[in-house]
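Structural characterization, general
Given next are the chains, with one letter for each unit.
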2 protein chains.
Amino acid sequence: MAVVSHRFVKGAILGRIQSGEWGLGDLIPAETDLAVHYGCARATVNRALRELAEEGLVLRKRKGGTRVRQMPVRQAKLAIPVIREQIESAGAVYRHHTITREVRVPDEVSRKKLNLREDISAAYIETLHLADNAPYAFERRWVNVDAIPDFLNVDLAAVSANEWLVRSVPFSLGSLSFCAIKADALIAKSLGCAVDAAIFSMNRTTWLDDRLITDMELLFREGYILQSVL
Amino acid sequence: MAVVSHRFVKGAILGRIQSGEWGLGDLIPAETDLAVHYGCARATVNRALRELAEEGLVLRKRKGGTRVRQMPVRQAKLAIPVIREQIESAGAVYRHHTITREVRVPDEVSRKKLNLREDISAAYIETLHLADNAPYAFERRWVNVDAIPDFLNVDLAAVSANEWLVRSVPFSLGSLSFCAIKADALIAKSLGCAVDAAIFSMNRTTWLDDRLITDMELLFREGYILQSVL
DNA sequence: TCAGATATTATGTATGCACATATTATCACG
DNA sequence: CGTGATAATATGTGCATACATAATATCTGA
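Residues numbered from 1 in each chain as written. Chains lettered and ligands numbered in written order. Predicted model: local features only at pLDDT ≥ 70, side-chain atom pairs only at ≥ 80, totals over all residues. Heavy atoms only, no water.

Further remarks concern the interface of chain B and chain A. In this assembly, 49 residues from chain B lie in contact with 48 residues from chain A. Summing the contributions of chain B and of chain A, the shared interface buries around 4,500 Å²; its carbon and sulfur component is 62%. Applying the counting criterion to the chain B and chain A interface returns four residue pairs in polar contact (both at pLDDT 80 or more). Looking at the side of chain B that touches chain A, the elements that each hand over two or more residues are helix H1 (6-18), helix H3 (42-54), strand E4 (75-79), helix H4 (83-89), helix H6 (161-168), strand E8 (173-182), strand E9 (198-208) and strand E11 (225-229) of chain B. Here the residues of the side of chain B that touches chain A sort into 26 nonpolar, 10 polar and 13 charged. Pairing of strand E8 (residues 173-182) of chain A with E11(B) involves five bridges; the strand directions are antiparallel. Looking at the pairing, A:Ser175 lines up with B:Val229 of E11(B). (Contact = heavy atoms within 4.5 Å. Buried area = accessible area lost by both parts, 1.4 Å probe. Polar contact = N/O pair within 3.5 Å; in protein donor to acceptor, adjacent residues only side chain to side chain. Helix = DSSP H or I, 4+ residues; strand = E, 2+ residues; numbered from the N terminus. Nonpolar A, V, L, I, M, F, W, Y, C, P; charged D, E, K, R; others polar. Pairing = 2+ DSSP bridges.)

Turning to the pattern of salt bridges, a few remarks are in order. Residues and elements named next belong to chain A. For the structure on display, the rule yields 26 salt bridges over all chains. With a closest N to O distance of 3.1 Å, Arg47 and Glu51 form a salt bridge. In this pair, Arg47 and Glu51 both sit in helix H3 (residues 42-54), four residues apart, roughly one turn of the helix. With its nearest N and O atoms 2.8 Å apart, the salt bridge here joins Glu139 to Arg141. Take Glu139 and Arg141: they sit in the same class, and that class is buried. Shared partners join several salt bridges into a network, and the residues in it are Lys10, Arg47, Glu51 and Glu55. (Salt bridge = Lys/Arg side-chain N within 4 Å of Asp/Glu carboxyl O. Buried < 20%, exposed > 50% of the residue type's maximum accessible area, 1.4 Å probe, protein only.)

Core analysis: the biggest nonpolar cluster contains 42 residues, and A:Phe178, A:Phe200, B:Phe178 and B:Phe200 have the highest contact counts within it. In this structure, A:Cys40, A:Ala48, A:Val58 and A:Val68 belong to the second largest nonpolar core, which totals 17 residues. (Core = buried A, V, L, I, M, F, W, Y, C linked by side-chain atoms within 4.5 Å.)

Further remarks concern the packing of aromatic side chains. Under the definition given, this model contains 19 aromatic pairs over all chains. Taking the centre distance of 6.2 Å and the plane angle of 80° together, the rings of A:Tyr136 and A:Phe220 count as edge-to-face. Taken together, the residues span a long stretch of sequence, with A:Tyr136 in strand E7 (residues 134-143) and A:Phe220 in strand E10 (residues 211-220) at a distance of 84 residues. A ring pair is formed by B:Phe220 and B:Tyr224, whose centres lie 3.8 Å apart and whose planes are at 10°; its orientation type is stacked. Assigned by exposure class, B:Phe220 and B:Tyr224 land together as buried. Here the basic side chain of B:Arg101 rests over the ring of B:Phe151, its NZ or CZ set 5.9 Å away from the ring centre. (Phe/Tyr/Trp six-rings, centres within 6.5 Å; stacked < 30°, edge-to-face > 60°. Lys NZ or Arg CZ within 6 Å of the ring centre and 35° of its normal.)

Neighbouring residues of DNA strand D: 22 residues in total, closest A:Arg42, A:Arg60, B:Ser5, B:His6 and B:Thr44. Sugar and phosphate atoms represent 71% of those atoms of DNA strand D found within 4 Å of the protein. Between a sugar or linking oxygen of DNA strand D and a side-chain N or O atom of A:Lys63, the distance comes to 3.1 Å. The separation between a phosphate oxygen of DNA strand D and a polar main-chain atom of B:His6 is 2.6 Å. Elements represented by at least two residues in the surface near DNA strand D include exactly H3, strand E2 (58-61) and strand E3 (65-68) of chain A together with H1 and H3 of chain B. (Near = heavy atom within 4 Å.)

Here we take up the side chain of A:Thr66. Take A:Thr66: it is sitting in strand E3. Within the structure, A:Thr66 has its side chain in polar contact with the side chain of A:Arg60 (distance 3.0 Å).

Parsing chain A into structural domains produces domain 1 (6-68) and domain 2 (83-220). Summarising the inter-unit geometry, the C-alpha centres of domain 1 of chain A and domain 2 of chain A are found 44 Å apart. (Domains from an automatic or database assignment.)

We now examine the protein's contact with DNA strand C. Taken together, 23 residues form the shell around DNA strand C, and within it A:Ala41, A:Thr44, A:Lys63, B:Arg42 and B:Arg60 come nearest. B:Arg60 has a polar side-chain atom sitting 2.5 Å from a phosphate oxygen of DNA strand C. The contact in question runs from a phosphate oxygen of DNA strand C to an N or O atom on the side chain of B:Thr66, over 3.2 Å. Those elements that provide at least two residues to the surface near DNA strand C are helix H1 (6-18) and H3 of chain A together with H3, strand E2 (58-61) and strand E3 (65-68) of chain B. For the surface near DNA strand C, the element with the highest residue contribution is H3(A), accounting for four residues.

Residue and element names in this part refer to chain B. What the three strands build is an open sheet, ordered E1-E3-E2; its pairing is antiparallel. Only two strands of the sheet have a single partner each, and these edge strands are strand E1 (27-28) and E2. Together, E1, E2 and E3 form the strand contacts of H3, whose direction differs from that of E2 by roughly 120°. (Axes fitted to C-alpha atoms, helices over the stretch in contact; angles between N-to-C directions.)

Before going further, it helps to examine the relation of the copies chain B and chain A. The two copies are related by a screw operation: chain B maps onto chain A through 180° of rotation and 0.0 Å of translation along the axis, at an RMSD of 0.1 Å. The symmetry that links the two subunits is that of a two-fold axis. The share of interface residues of chain B whose copies in chain A are also at the interface is 98%, consistent with both copies meeting through the same surface. (Least-squares fit on C-alpha atoms with pLDDT ≥ 70 in both.)

For the rest of this paragraph, the subject is the packing of helix H2 (residues 31-38) of chain B against H3(B). Residues and elements named next belong to chain B. Orientation of H2 relative to H3, taken along the N-to-C sense of each, is 110°, at an axis distance of 8 Å. Relative to H3, the element H2 lies roughly perpendicular. For the pair H2 and H3, the crossing hand works out as right-handed. Contacts between H2 and H3 pair Glu31, Thr32, Leu34 and Ala35 from the former with Arg42, Val45, Asn46 and Leu49 from the latter. When grouped by side-chain class, the residues that make up the contact of H2 with H3 number four nonpolar, two polar and two charged. (Parallel < 35°, antiparallel > 145°, perpendicular 65-115°, else oblique. Left-handed = near helix turned anticlockwise from the far one by under 90°.)

Okay, here's the thing in structure tokens:
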């Protein structure tokens, strides 16, 4: 007897949804019925449906049954690039250059973002990332050295601040946002573009437990495109 | 005896990784050992570890065991917003206005993107999305009416093209990209911003099976920020 | 010593069962 | 006619077991 895998069941159900057999909002058969239909255990159907629910195609409720989502939650998975890997995977040579590195008490705006006391200083770093010696992205970052004192001793010539932090303070939570901004004089000079060029900006804050670790702004070269998959 | 859920095990393992007990790249105990340690079945540990692997924190290989990822794949989940919901959830009144709607043979650039034969025409729609009567986003879209003939009869005053398509042609694949562009005269006029303003652009193509359904460009008002969660 | 066959092992997953839980449907009672 | 208690039900999840599979480790023979 051939085994019926959860992949098969998942694919079969997906097909029946896509073909329109089960329309938008429709209730689909119960796990037990599907298990009988496909000749497998309920646990197998459960896993198939659970994965479909995670992917946003189907909505499940106890006692309420499973139904096809009216407005599927299209969630794009977007792999946050480690810049070096992104550049190297495109076949270019990665290099980075630390422009500024200092420890000081942040100005009030940054201090509020960092959620620091007034008398605590933090590290400020500006880095230029290059692909084949051409500017690729300009990075501005505050690091909470009160939480991560080791950061003060890092050799930023060997490894970029971003990469060191990813390796050393992993698995932290954070938020991520994207926007478009006009290049000011500093950005234009760093990225080698015109003042007022449209620049793609990525902002990221990283928390470990309740402490903000770092707040970063990454400004990509003109024409940069962020790709994602649905 | 209290049951030990996969959530508990997952959290416990996560804690031991975050605390540094298991460092980057380290091999963590086998499922059977963890099952004994936490007093639960191997299936429970399996689910916990499988989910951690899906989230990119851990790398699993048959016979090779499970190890903490050196460079965690930070994947942001990015909920693609249906614009109306995005605006309404911010407490504003949504309204949309169809600027252009025509059926014609696309120019060569669009035709290639749409992957259509030379003699096939497609629908072109320009829509302005408004929040509290202020421009929110400007949408340009081609729809393959050869694949979706019903689209020709849709009342775009009642429901936007985007929303109709999401409701009617669900569960399709596609690609998604983001970039920053400078506003040209048309965009500036539509969005009520200055020419050369930095505009956040989202491009999306949608496929059903092997047929391209629609190709869309969404240009957000100046200052728009796309939020994501890690 | 080295290549190829073989054994070992950790994860992958299907199954049957039991029970938990949330929600809906039903029913009894004022 | 409502309203609150109660029953029914679909999903959620844990457990023990069995076997599959991929990758590594070991052994064997030239």
